[in-house]
Amino acid sequence: MSSSPTVRTARRRTLRVAAAALTAAAALALTACSGSDAAGTKPAGHSDKDMAAAGSSGTNSSAKAQGSDAPPSPGAKADAKAGAAGKQSGGAPAADGGKAASPVRTQRLADGISKAEIYKLGDQRYRAKIVARGAVLATLETKGHDDGLDANDMFVTLTLDGQVHSWMGGGHQGPGTFKLAGGWTAKVTKVGELRYRAQIIGHDGVAATLEANQHDVGLDANGVYVVLSSGGVISAHE
C-alpha cells in the first residue's frame, strides 16, 4: 500500500521533464529557422548600411531607366527655356539684315556741335543718325535714292555710297525759280500741304526731280548736293 504514491510521483516528474525538453527543442528549432530566414535576406558580408545604399542605388537606376518617358521637372523646363533664350540673345540678327553694330564712322557736321553716325545696312543702303549732346535729333536713310535734311538751316545729305555732306545757310524759300551752286537751276512748286517739288535743270533741260512729301529729301547732282525741305526751302552746296 505504501509504494503506489511513490511510483506515481516519479511518473509525473518524468512527464514534466519530457514536456520541458520538447518545449526547449521546439524553441531552438524556431530560433534556428528565424535566423536562417534573416540570413537569407541579407548577402553575406554586407551591413545594414550597405543594404540601404544598395536600395537607394536601385531606385536611382530605375528612375534613369525610365528617363525618356518621365516628364521633365519644372526646373528642367526653366533651364531649357533659359538656354533657348540665351541662344536667341547671343547672335540675334538686327531687323536691317545685319547684326546690331557700331557705326562704320562718325563725322562732325557743319554746325560744329552735331555729328553724324553712319551705319551700313546693305548694298547701297546706309543710315545716318544726327546726334547732338547724346540725343538723336534726326535720321537719314538711303532706300534706292539719296536722302537729305534741313536741320534749322543746316543742310545734310546722305548719298547711296554712304557719304555725308553738310553746310550752313544758302536756302531759298519756294515756290519759285532759283540759281543753285554748280550752275544748276531749281524750279520749286507747291504740290500740297508740306509737299513741294523741285525740278533740277541743267544745260540740257530737267536732269532730276525732287519731291518732299512731309519729309525732306536730298540729291547728289554730279558733286553738287541739294536739299529740298517739306516746307519748300531748297539749298545746294558743292
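Structure: above.
Read on for a plain summary of the structure. (Residues numbered from 1 in each chain as written. Predicted model: local features only at pLDDT ≥ 70, side-chain atom pairs only at ≥ 80, totals over all residues. Heavy atoms only, no water.)

## Structural notes on the sheet that holds strand E1 (residues 105–108)
Pairing in this open sheet of four strands is antiparallel, and the strands run E1-E2-E3-E4 from one edge to the other. This sheet does not close on itself; its edge strands, each paired only once, are E1 and strand E4 (135–141). Ignoring which end each strand starts from, the neighbouring axes of this sheet average 25 degrees apart. Where strand E3 (residues 125–132) lies against E4, six bridges are found, and the strand directions are antiparallel. Looking across to E4, one finds that Lys129 is bridged to Thr139. (Pairing = 2+ DSSP bridges. Helix = DSSP H or I, 4+ residues; strand = E, 2+ residues; numbered from the N terminus. Axes fitted to C-alpha atoms, helices over the stretch in contact; angles between N-to-C directions.)

## Details of the sheet that holds strand E7 (residues 164–168)
Pairing is antiparallel in the open sheet, where three strands are placed in the order E5-E6-E7. Each edge of the open sheet carries a strand with a single partner, namely strand E5 (147–151) and E7. Mean inter-strand twist for the sheet, computed between neighbouring axes without regard to direction, equals 15 degrees. Where E5 and strand E6 (residues 154–158) come together, five bridges link them in antiparallel fashion. Opposite Ala151, over in E6, you have Met154 as the bridge partner.

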